[in-house]
Amino acid sequence: MARGRLRIYLGAAPGVGKTYAMLEEGQRLAAAGAEVVVGFVEPHGRRPTTALTEGLEIIPRRTMEYRGATFTEMDLDAVLARRPQVALVDELAHTNVPGSRHTKRWQDVEELLDAGIDVVTTLNVQHLESLGDVVRQITGVPQRETLPDEVARRAEQIELVDLPPELLRRRMLHGEIYPSERIEAALTHYFRVGNLTALRELALLWLADRVEEGLQRYRAEHGITTPWETRERIMVALTGGPEGDTLIRRAARITARVPGSELLALHVVPSDGLTHGGHATLATQRELVESLGGSYHQTTGDDIPEALLQFAEAENVTQIVLGASRRGRLSTFLRGGVGHRTIQRSGPIDVLVVTHEHAAESSPALRLPHPSRATGPRRFWTAIVLAAITLPALTLLLVLLGEHVDLSLALVLYLLAVVVIALVGGLVPALLAALAAGLLANYYFTRPLHSLRVERLDDVLALVVYVVTAVVVGMAAGTAAQRTYQAVRASSEARALSRLATAMMHGQDLPTLLEQVREDFGLDAVSLLERDTGHAAEPRWYVVASTGEAPPERPYDADVESPVGDNVTLAARGRPLSSDDQRVLAACAAQLGMAYSHGRLAAHDAETGVRAEAEHTRASLLLIASRDLRGPLRTADDALSSLGTPADLGDARLLDTARSALRRAGRLVSDLDDLSRLHAGALDLYLRPVDLDELLTAVMDALGPGRTLRCMLPEQLPDVIADAAVLTRVLTTLAAEAQRHSPPDRRARLTAETRPGLVEIHITDGTREGAEGTASGTPPVHTADSLALRMSRDLTETMGGTLEPTTTGPGFALKLTLPAAAPRRDQ
């Protein structure tokens, strides 16, 4: 069964129109003849959104009971039984009610996709797991519901639903997003212009990265090697010489002028090992590149311009920055510099040659020609040695045979030797052998002998035909050897990738997979490293898995490195790898990165499941205990009430004490029940501006007779954003606790003061009444373990405030902070 397709409507914040766009797409698909059902849609009371569900088949929701409350969730079994072509499922990152088949709604969607059902869904950028810390820094609100980025990356289509911050706030003011009582609080907190602008940028950048991934995948699938200048990528070529710092800074300045561009640095290591740059210099230059926001790469190649351009094509580089040649004029004239040859082959890629103070400061000796890339240096030099031995030996043998050998026989034998040499070493050794054999045949077997002159015309033609034939046969043999090498190479690459994929499918652990990679590439040690992003000043790496002797613990310690992502890289020690080996290693590294990511997701899901189960068990036990305790407490209270009023004063006081203790125990049981409901998210809040003066009247009534509270509020005290009933309960609890810790002749005190955008409420016991600093010697009260205060703190945080103890002085002292409402127009 083919897997269904996932389409995500991504938004930067609530209210941009994701659900509306999803329903519009559902209506369009239904009009086109597709079977579309609404699996789950949350219109949030918006009439235009609700109107778009008309005409679509709606699967009834599943009703669930949890901790005494009723919830509705998507009926997954009903959608699977209906088997539509398309299912509309809102809020992909939603956490299901405990007791559902899956913990998260995206897991429900995965099951629908596995069943071959296409899914259209919605997602806010703040719910992406990788952006959780960033969103919390921006908005100050931690995201409890998160979605692994990998789930969103697997979507076939991701469409951004975008609104400018000003237009989104205007929709908020018109009541198109939240009810009127929540508008002011939202505009002054989460929906500030700065917050919305930052979230919008996050959404655009995240989606741009996904588009870039899709583009690179498309170019790879269609064999497109020419760069597409969708984004400027500037690559600087480093030789390990002293001019590297100048080139890096020049390339960084170019990158800084183009928003969204990337800086890459590449060092090519020749396989002959003759021109390695200084390791200390390269390490310094690598640190400079990374400090400027770029990335460092290293590859191996015999032809440096070819290696540069291969890397540039693979990474879609648009500009290459090279240093002016340090060769002398004679060397540059005879062989050409790297810059000149790179420009000749670069095609659409721009090449910038930067002058520097070290240009042409030395004139190194001419080097031997590079071995053929098809056969490798070992076979190249083997063919040269074979020609140096075979041709003289064959010539000596023919000379000893004397008159029994004529020119035609000698040329045929020489041609055979050239073919053998071509098969061993490729084209270049074959050409050299053909020319050398022609000279030997001319010198020893053409009249006049022992001279390079030729008297007879037919001998001239024979030599010319031989040389042409030897060159053609040598080229054909060399090409055949190259094709054979490429075929063997491709087969080896496919076999290595297939073995790794098979091992991953069989569930092999990371060390086993790394050992397979080490054996395939003949390396000494391999490590999978991950960067600790919590240390921004100095990146720290730790080893996820490793194999071999003395595996590298940092990318800087590795001879070969293949980045997997922003924070994961594959590092290895051992022989230098060619550019082809580097390419295959990068593919293996990508597979290892996927295995690591999947392992982390599986471990996270397992850990989340265990925690959820433990939390569910604990909450169930608390709920059962609270229900079981209500009956005995009610029975004991009724029994005490039936005793009447005793005549003895002491007995009356004991009876009042017992009744008070029972009522307190009853309140504790109620607090346990409410605390469980609060943590389950089943406690609905109605946030609006609340007048503290009016609220304190209700607090005094709730305290009951005989309990007094000294209140001192400023005249121009703004309203606070809170739920009136919940805030009354919190203040009543705190006032009762403060009065309980006060001496008999003192009253608890409540004061308030304003801060920018906030209102602070201070509640202290009677030991602080009077002059500040008068201490009765009472030690500080530690109330962190008090259930009533724990309940008050959680309720306050749910309303967007804080409750914390005052650190100065002894006794009971707490500070409650709440957001301040905007001044009313009649003030």
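Residues numbered from 1 in each chain as written. Predicted model: local features only at pLDDT ≥ 70, side-chain atom pairs only at ≥ 80, totals over all residues. Heavy atoms only, no water.

**Student:** What is the right way to look at a nonpolar patch on the surface in this model?
**Tutor:** On the surface, a cluster of nonpolar side chains totalling about 540 Å² of accessible area is made up of Leu457, Val460, Leu461, Val464, Val468 and Val472. Here Val464 shows up in helix H18 (residues 457-505). Residue Val464 is classed as partly exposed on the basis of its relative accessible area of 47%. (Patch = residues over 30% accessible without salt bridge, like charges linked within 9 Å, V, L, I, M, F, W, Y side chains within 5 Å. Areas by Shrake-Rupley, 256 points an atom, 1.4 Å probe, with all protein chains shown as cover. Salt bridge = Lys/Arg side-chain N within 4 Å of Asp/Glu carboxyl O. Helix = DSSP H or I, 4+ residues; strand = E, 2+ residues; numbered from the N terminus. Buried < 20%, exposed > 50% of the residue type's maximum accessible area, 1.4 Å probe, protein only.)

**Student:** Can you help me understand the packing of aromatic side chains in this one?
**Tutor:** How two aromatic rings sit relative to each other is given by the distance of their centres and the angle of their planes. Enumeration over the complete set of coordinates arrives at 3 aromatic pairs. Judged by centre distance (6.5 Å) and plane angle (55°), the ring pair of Tyr66 and Phe71 falls under tilted. Taken individually, Tyr66 and Phe71 each receive the classification buried, so the pair is uniform in this respect. Aromatic pair Tyr444 and Phe445: ring centres 6.4 Å apart, planes at 50°, arrangement tilted. Here the aromatic residues Tyr443, Tyr444 and Phe445 are joined through ring pairs into a cluster of three or more. Looking at Arg105, its charged tip hangs above the ring of Phe40, at a distance of 3.8 Å from the centre. (Phe/Tyr/Trp six-rings, centres within 6.5 Å; stacked < 30°, edge-to-face > 60°. Lys NZ or Arg CZ within 6 Å of the ring centre and 35° of its normal.)

**Student:** What is the right way to look at the packing of helix H10 (residues 244-257) against helix H11 (residues 279-291) in this model?
**Tutor:** A pair of packed helices is characterised by two quantities: the angle between their axes and the separation of those axes. Orientation of H10 relative to H11, taken along the N-to-C sense of each, is 10°, at an axis distance of 10 Å. By the criterion of interaxial angle, the relationship of H10 to H11 is roughly parallel. Residue-level contacts link Gly244, Asp245, Ile248 and Arg249 of H10 to Gln285, Leu288 and Val289 of H11. Its residues placed into classes, the contact of H10 with H11 shows 3 nonpolar, 2 polar and 2 charged. (Axes fitted to C-alpha atoms, helices over the stretch in contact; angles between N-to-C directions. Parallel < 35°, antiparallel > 145°, perpendicular 65-115°, else oblique. Contact = heavy atoms within 4.5 Å. Nonpolar A, V, L, I, M, F, W, Y, C, P; charged D, E, K, R; others polar.)

**Student:** Before we go on, may I ask you to explain the packing of helix H22 (residues 692-703) against helix H23 (residues 724-740) in this structure?
**Tutor:** Interhelical geometry of H22 versus H23 gives an angle of 55° and a closest axis separation of 9 Å. The orientation of H22 with respect to H23, classified from their angle, is oblique. Crossing of H22 over H23 shows right-handed handedness. Each of Leu692, Leu695, Leu696, Ala698, Val699, Ala702 and Leu703 in H22 lies in contact with H23, whose residues at this interface are Ala724, Leu727, Thr728, Leu731, Thr732, Ala735 and Ala736. Broken down by class, the residue content of the contact of H22 with H23 amounts to 12 nonpolar, 2 polar and no charged. (Left-handed = near helix turned anticlockwise from the far one by under 90°.)

**Student:** Quick question: what am I supposed to make of helix H5 (residues 132-139) here?
**Tutor:** Structurally, the α-helix is built with 3.6 residues per turn, so residues lying three or four positions apart point the same way. Within H5, burial applies to Gly132, Val135 and Thr139. Seen along its axis, H5 keeps its buried residues to an arc of 65°; they face one direction. Exposed residues on H5 whose side chains face more than 90 degrees from its buried face are Asp133 and Gln137. (Arc of directions from axis to C-beta.)

**Student:** What's the story with the pattern of salt bridges in this structure? I'm lost.
**Tutor:** Inspection of the entire model under this criterion finds 24 salt bridges. For the salt bridge of Glu110 with Arg3, the shortest nitrogen-to-oxygen distance reads 2.9 Å. Of this pair, Glu110 sits in helix H4 (residues 105-114) while Arg3 sits in the segment before strand E1 (6-11), placing them 107 residues apart in sequence. Given a relative accessible area of 40%, Arg3 falls into the partly exposed group. Across the pair Arg286 and Glu290 runs a salt bridge whose closest N-O atoms are separated by 3.3 Å. Taken together, the residues span about one helical turn, with Arg286 and Glu290 both in helix H11 at a distance of 4 residues. The class for Glu290 is partly exposed, based on a relative accessible area of 32%. Taken together, the salt bridges that share partners define one network made up of Arg3, Glu110, Asp114 and Arg154.

**Student:** Looking at this structure, how should I read the environment of Val338?
**Tutor:** Considering the arrangement of structural elements, one finds Val338 in helix H14 (residues 338-345). Separated by 30 residues in sequence, Val338 and Leu308 place their C-alpha atoms 9.9 Å apart. Leaving out residues up to four positions away in the same chain, Val338 has contacts with Ile304, Pro305 and Leu308.

**Student:** Looking at this structure, I do not really get the sheet that holds strand E22 (residues 758-764). What am I missing?
**Tutor:** As a general point, the strands of a sheet are linked pairwise by backbone hydrogen bonds and lie either parallel or antiparallel. Spatially, E19-E21-E22-E24-E23 is the arrangement adopted by the 5 strands of the open sheet, whose pairing is mixed. Only two strands of the sheet have a single neighbouring strand rather than two, namely strand E19 (709-712) and strand E23 (802-805). Averaged over all pairs of adjacent strands, the angle between strand axes in this sheet comes to 20°, irrespective of strand direction. With 4 bridges joining them, E23 and strand E24 (residues 813-819) adopt antiparallel strand pairing. (Pairing = 2+ DSSP bridges.)

**Student:** Explanation requested: unusual backbone geometry in the structure shown.
**Tutor:** Excluding glycine, residues mostly have negative phi values, and the peptide bonds linking residues are mostly trans. The phi torsion at Arg83 lies on the positive side, around 50°, for a residue other than glycine. Positionally, Arg83 belongs in the loop between helix H3 (76-82) and strand E6 (86-89). Under the relative-accessibility criterion, Arg83 is labelled partly exposed at 43%. For Glu91, which is not glycine, the phi dihedral falls at a positive 55°. Along the chain, Glu91 falls in the loop between E6 and H4.

**Student:** Looking at this structure, I do not really get the confidence of the model for the chain. What am I missing?
**Tutor:** Regions with low pLDDT should not have their predicted coordinates read in detail. Mean pLDDT over the chain works out to 78, with 79% of the residues at or above the 70 mark. Scored below 50 in pLDDT, residues 770-785 shows 18 contacts in the model against residues more than four places distant or in partner chains. (pLDDT = per-residue confidence, 0-100.)

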